[in-house]
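Okay, here's what each chain looks like letter by letter:
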Amino acid sequence: MRATAIAQPNIALIKYWGKRDVVRNLPAVGSISITLSELQTQMSVDLDTDLPGDVLLVNGGEEPRFLPRISACLNDLLGEQRSFARISSHSNFPMAAGLASSASAFSALTMAAAGAADLSLSTRELARIAGRASGSAARSLYGGFVELKNDGDSIELESLMDAESWPLQVVLAITDTGRKETGSTEAMEISRKTSPFYDDWIVRQATDLDAARTAIEQRDFAGLAAIAEHNCLKMHSIMWASRPPIVYWKAATMRCLQTVRRLQGEGRSVFFTIDAGPQVKAVCLPEDTEVVREALSTTPGVKQVMTSGLGAGARLVKKT
Ligand code: 2P0
C-alpha cells in the first residue's frame, strides 16, 4: 500500500497553450517536449493510513495549498471510495516558477499511487490520468523526445526518439524564484477568451509540429532551433496580446535571449525556449554546454543556472 516514484520535468519545444475542454483538461493543440534527467521529483504515496483526510508534505513541510489538485488526481485514479493518503514529495528544483514542477509532480504521483494500490495500468493509461491533472504531466511519463497528440476526444502520446539517440543538453537560467502571479491554467483561459491571435495559433500548430518532428528525425539542430524559438515567441505573443496581458518575462529573461543570440552569432549550437514563467531554457549540443552555461551564469540578473541532459520517463522505485 506504499510506493515511491521518480519523474523529471519536461520542456516543451512545441508548446501546449490552450484547452479544448476545461472540465476534462484536454489540450487544444498537440505538443512536443524533451524530458530532462537532472531535475527530479520523488513522490511517495502511502494508502495504508487511518488519516481523516489526505496529507501532503512538500520537501518535508505540510502544503495544504496544493492538496485539492493532488486529491482530485487520486480520486480520478483510485475512485472516491479510496482511503486517505499520506503523500510526500521532494524536488531538487524550485516549484511554481515555470520549471514544469507540475509535470514531474503529477506524473510521479500517478505512478506512485497506481503502484501503492497495485493497479496494473499501462504507461499510456497513466499518462492520460496524469494529463487530466496537468496537461504537460502526461509527457513526463515518457523519456527523450515525446509528442502529445491532440486526437479527437482524448490524448495520445508517442515517444519520438529516446534520450540516448540525440543527447541534447539544457541549460536552465533562473531569473526569478518567486511564485508566478497567474497560473498557467488560468492564463490559458484568458488567452483563449481574449487574445486576437489565439485562433490562428490553433490553426498553425500542425505545421510547427510537422517541422519539429522532421528536425528531430533528422537530428537537424538548426531546423529544430528555428521552429522551437518561433513557436515559443508565438505563444508569448498570444499572452502579451491577451486582456489583461500576461507577461511572464523579467528584464533578465530578455538579457538571456540576447546572450543566446550572441552565442548563435559566434557559431554555437544553442536555442532558447521560455514557458509560463521568467526562466530561460537554452537547449544546446553537448560540445557547447560549458560555453552556454558560463555565458548565462554571467548574464546580469541570472540567479542560478542548472544543467541537464535528457532522461527517462517516470518510474516506480519502491513498493512495500
Ligand atoms: C507546455 N506549458 O507545453 C506549456 C508551455 C507552459 C507553457 O503545459 O492547466 O501545468 O495544468 O494542464 O501543464 C504548463 O501548463 O497546465 C504548460 P494545466 P500545465 O509545457
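Everything numeric in this text was worked out from a predicted model, so none of it was measured.

1. Quick look at the sheet that holds strand S6 (residues 41-46)
What the six strands build is an open sheet, ordered S8-S7-S9-S6-S1-S16; its pairing is mixed. This sheet does not close on itself; its edge strands, each paired only once, are strand S8 (61-62) and strand S16 (315-319). Relative to S6, strand S1 (residues 2-7) is paired through six bridges, and the arrangement is antiparallel. Looking at S6, one finds that Arg2 is bridged to Asp46.

2. A closer look at the packing of helix H5 (residues 198-217) against helix H6 (residues 221-240)
If you want to describe how two helices pack, look at the angle between their axes and the distance between the axes. It is at 9 Å that the axes of H5 and H6 come closest, and there the two elements cross at 160°. Relative to H6, the element H5 lies roughly antiparallel. Read as a crossing pair, H5 and H6 show a hand that is left-handed. In contact with Tyr198, Trp201, Arg204, Gln205, Asp208, Ala211, Ala212, Ala215 and Ile216 of H5, H6 contributes Gly223, Leu224, Ile227, His230, Asn231, Lys234, Met235 and Ile238.

3. Observations concerning the site of the ligand
Near the ligand lie 19 residues; those nearest to it are Tyr16, Lys19, Gly135, Ser136 and Thr185. Within the complex, 93% of the 470 Å² of free accessible area of the ligand lies under protein. With three residues, helix H4 (residues 184-194) is the largest single contributor of residues to the shell around the ligand. In the shell around the ligand, the residues fall into seven nonpolar, seven polar and five charged. Composition of the shell around the ligand by domain shows at least three residues from each of domain 1 (2-165) and domain 2 (169-309).

4. Regarding the pairing of strand S9 (residues 86-91)
On a regular strand, one side chain projects to one face of the sheet and the next to the other, so that they alternate. In the sheet, S6 pairs with S9 via six bridges, with the strands oriented antiparallel. In the sheet register, Val45 faces S9, and the bridge partner there is Ile87. Bridge analysis of strand S7 (residues 55-58) against S9 gives four bridges, and the strand direction is parallel. In the sheet register, Val58 faces S9, and the bridge partner there is Ser89.

5. Looking at the packing of helix H7 (residues 251-265) against helix H8 (residues 289-297)
It is the contact of H7 with H8, at a shortest axis distance of 10 Å, that shows an interaxial angle of 145°. The interaxial crossing formed by H7 with H8 has right-handed handedness. Across the interface between the two elements, Cys256, Thr259, Arg262 and Leu263 from H7 touch Val291, Val292, Ala295 and Leu296 from H8. Each residue belonging to the contact of H7 with H8 can be placed in one class, and the counts come to six nonpolar, one polar and one charged.

About the cut-offs
Residues numbered from 1 in each chain as written. Predicted model: local features only at pLDDT ≥ 70, side-chain atom pairs only at ≥ 80, totals over all residues. Heavy atoms only, no water. Pairing = 2+ DSSP bridges. Helix = DSSP H or I, 4+ residues; strand = E, 2+ residues; numbered from the N terminus. Axes fitted to C-alpha atoms, helices over the stretch in contact; angles between N-to-C directions. Parallel < 35°, antiparallel > 145°, perpendicular 65-115°, else oblique. Left-handed = near helix turned anticlockwise from the far one by under 90°. Contact = heavy atoms within 4.5 Å. Near = heavy atom within 4 Å. Areas by Shrake-Rupley, 256 points an atom, 1.4 Å probe, with all protein chains shown as cover. Nonpolar A, V, L, I, M, F, W, Y, C, P; charged D, E, K, R; others polar. Domains from an automatic or database assignment.

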